[in-house]
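Topology and contacts: notes
Each chain is listed here by its residues.
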Amino acid sequence: MDLYIGLVLVFGGLGANMSQTSLFIGLTGGIGSGKTTVSQYLAKQGIEVLDADQISRQLTAPNGLAMDQIREVFGDTVITPENALDRDAMRTLVFSNPEVKQRLEQIIHPLVQQEMISQALRLHHSPYIIFDIPLLIESINRYRPLLNRICVVDCEPEVQIERVKKRNGLSEQTIRQILQTQASRETRLLYADDVIYNGKGISLDKLQEQAYNFHTVSYTHLRAHETEAD
Ligand code: ATP
């Protein structure tokens, strides 16, 4: 069975049960937009956050769940002696053949999604669960059916560039290249149910205030409404 259909069936089958216990909210935004700052704030409020990047790294860490498939598809040359992904070797392979990246993503993305769902199903004490997925919009068809809402941390590209320059010391050109590989600001906003604006003139305090409003007003009330409706 196609993994995606399988996951939808799993999700659908447990849907009634899950909707009583949790609301699934996708949190996304471009590089340097402020997702992590928001999700860390929400985590401090006791909200469970599932981080797609972190799960992806675990999948390719020593003996990670993706390693068998990666070995099968790409061979031993991209595997370290500890049975982890050799990132340098993989980068070289991707550089020599752009299709390799796509093939690797075809292995990793379904596993990330599967792992997020299976972790979410084990969490019962959070009024809602944040799925922190940087490339959510780029995989919208995969994730949309699984999420109750999508929250976009929105920011002008110029501000993203300044933040990432400061944080990582990357050149403007490199950051612009990364931006090119991500969904545009406009596309992201098209899919947003909720928007946290973290662009020009927004201080960290102001961002936190928005996250707080979101947490208390939007999501807690939303959760209450959903429970009432059940
Ligand atoms: P990435 O996807 O690249 O990991 P992100 O969307 O998770 O980025 P953050 O890591 O939260 O973004 O923020 C990027 C940087 O910008 C961090 O150093 C953070 O402290 C800083 N930052 C975020 N929002 C603000 C703000 N409103 N004012 C000042 N600095 C900010």
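Structure's up top.
As a starting point, this report considers the structure included with it. (Residues numbered from 1 in each chain as written. Predicted model: local features only at pLDDT ≥ 70, side-chain atom pairs only at ≥ 80, totals over all residues. Heavy atoms only, no water.)

The next point concerns unusual backbone geometry. The phi angle at N63 is positive, at roughly 60°, despite the residue not being glycine. Position of N63 among the secondary structure elements: in the loop between α3 (52-59) and α4 (67-74). Note on N63: relative accessible area 58%, which makes it exposed. Backbone geometry places N83, a non-glycine residue, at a positive phi of 65°. You can see N83 is positioned in the loop between α4 and α5 (87-96). The class for N83 is buried, based on a relative accessible area of 15%. (Helix = DSSP H or I, 4+ residues; strand = E, 2+ residues; numbered from the N terminus. Buried < 20%, exposed > 50% of the residue type's maximum accessible area, 1.4 Å probe, protein only.)

So, about the nonpolar core. One finds I70, F74, V112, M116 and F131 to be the most contacted residues of the largest nonpolar core, which totals 34 residues. Listing elements by their share of this core, those giving two or more residues are α3, α4, α6 (99-121), β3 (128-132), α7 (140-143) and β4 (149-154). Looking at which element gives the most residues to this core, the answer is α6, with eight residues. Residue contacts for F74: discarding those within four places in its chain leaves M90, L93, V100, R103, L104 and I107. In this structure, L23, I25, I47 and C151 belong to the second largest nonpolar core, which totals 15 residues. (Core = buried A, V, L, I, M, F, W, Y, C linked by side-chain atoms within 4.5 Å. Contact = heavy atoms within 4.5 Å.)

Near the ligand you find 15 residues, and of these K35, T36, T37, R167 and N198 are the closest. Here an oxygen atom of the ligand sits 3.0 Å away from a polar atom, N or O, in the main chain of G32. Here a nitrogen atom of the ligand sits 2.9 Å away from a polar atom, N or O, in the main chain of I202. Against a free-state accessible area of 630 Å², the protein chains account for coverage of 74% of the ligand. Residue assignment for the shell around the ligand shows that the elements contributing at least two residues are α2 (35-44), α8 (157-168) and α11 (204-229). It is α2 that contributes the most residues to the shell around the ligand, three residues altogether. (Near = heavy atom within 4 Å. Polar contact = N/O pair within 3.5 Å; in protein donor to acceptor, adjacent residues only side chain to side chain. Areas by Shrake-Rupley, 256 points an atom, 1.4 Å probe, with all protein chains shown as cover.)

Across all of its chains, the model carries ten salt bridges by this definition. As a salt-bridge pair, R71 and D76 come within 2.6 Å of each other at their nearest N and O atoms. When the shortest N-O distance is used, the salt bridge between R144 and D193 registers 3.4 Å. In this pair, R144 sits in the loop between α7 and β4 while D193 sits in the loop between α10 (185-190) and β5 (194-197), placing the two residues 49 residues apart along the sequence. Classification of D193 as partly exposed rests on a relative accessible area of 34%. The network of salt bridges with common partners includes E162, K165, E172 and R176. (Salt bridge = Lys/Arg side-chain N within 4 Å of Asp/Glu carboxyl O.)

Looking now at the pairing of strand β1 (residues 23-28). Counting buried residues along β1, six of its six residues qualify, which places the element largely inside the surrounding structure. The pairing of β1 with β3 spans five bridges and is classified as parallel. Bridged to I25 within β3 is I130. Sheet analysis places β1 next to β4, joined by four bridges and oriented parallel. Pairing of G26 across the sheet is with I150, part of β4. (Pairing = 2+ DSSP bridges.)

Buried within α2 we find K35, V38, S39, Y41 and L42. One side of α2 holds all its buried residues, which, seen down the axis, span an arc of 155°. Opposite the packed face of α2, turned more than 90 degrees from it, sit the exposed residues Q40 and K44. The first or second residue beyond α2 is G46, which carries a positive phi of 95°. (Arc of directions from axis to C-beta.)

This part covers the sheet that holds β3. One open sheet accounts for five strands, arranged β2-β3-β1-β4-β5; its pairing is parallel. Single-partner strands in this sheet number two, and they are β2 (48-51) and β5. Adjacent strand axes in the sheet meet at a mean angle of 25° when their direction is disregarded. One ladder, built from four bridges, connects β2 with β3; its direction is parallel. What sits directly across from D51, in β3, is D132. Along the sheet, α3 makes contact with β2 and β3, crossing β2 at roughly 50°. (Axes fitted to C-alpha atoms, helices over the stretch in contact; angles between N-to-C directions.)

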